[in-house]
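# Examination of the molecular architecture
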Amino acid sequence: MKYGGSTMQSQKEPQIIAILNNKQVIINIGKRDGVKSNDKFDIIDSQVKILRDPDTHEILDRFHQFKQQISVIKVELKYSICSSIFNKKENSISKLAMKQYQPI
């Protein structure tokens, strides 16, 4: 998870420790770590994605895929409750890409 704010003091890696429902989660950092209401975090997939050229099979890049952005709605001393900022909706580009994508 990546921190999107500018004032967090913690060296601790923010992690999701509980899923409350399809929009809210609890993370393992809070007031003592410098978290404030409305701080933003990006949820990043822990699995490394490999981008390959379909013709040459050359590895073009390795990256962690962005999954969602969350915002702190309630801060406690040791943890924070966060809510998703936007809903992931499938758009026409992703539908087209999934139809054309064939794993190698």
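Below is a short write-up of the structure. (Residues numbered from 1 in each chain as written. Predicted model: local features only at pLDDT ≥ 70, side-chain atom pairs only at ≥ 80, totals over all residues. Heavy atoms only, no water.)

It is worth spelling out the overall build of the protein chain at this point. In terms of helices and strands, the protein chain carries 1 helix and 6 strands. In sequence order, the secondary structure elements of the protein chain are arranged as β-β-β-β-β-β-α. With 104 residues in all, the protein chain has 26% of them scored as buried. If you take every contact in the protein chain between residues at least 6 apart in sequence, the share linking residues at least 24 apart comes to 51%. When the accessible surface of the protein chain is split by element, carbon and sulfur atoms take 50% of a total near 7,800 Å². (Helix = DSSP H or I, 4+ residues; strand = E, 2+ residues; numbered from the N terminus. Buried < 20%, exposed > 50% of the residue type's maximum accessible area, 1.4 Å probe, protein only. Contact = heavy atoms within 4.5 Å. Areas by Shrake-Rupley, 256 points an atom, 1.4 Å probe, with all protein chains shown as cover.)

With that out of the way, let us pick up the pattern of salt bridges. Applying the stated criterion to the full structure yields 2 salt bridges. One salt bridge connects Lys-49 with Asp-45, and the closest N-O pair in it is separated by 3.4 Å. Since its relative accessible area comes to 15%, Asp-45 is described here as buried. In this structure, Glu-76 engages Lys-74 in a salt bridge whose closest nitrogen and oxygen atoms are separated by 3.4 Å. (Salt bridge = Lys/Arg side-chain N within 4 Å of Asp/Glu carboxyl O.)

By themselves, these figures tell us nothing about what the structure is for.
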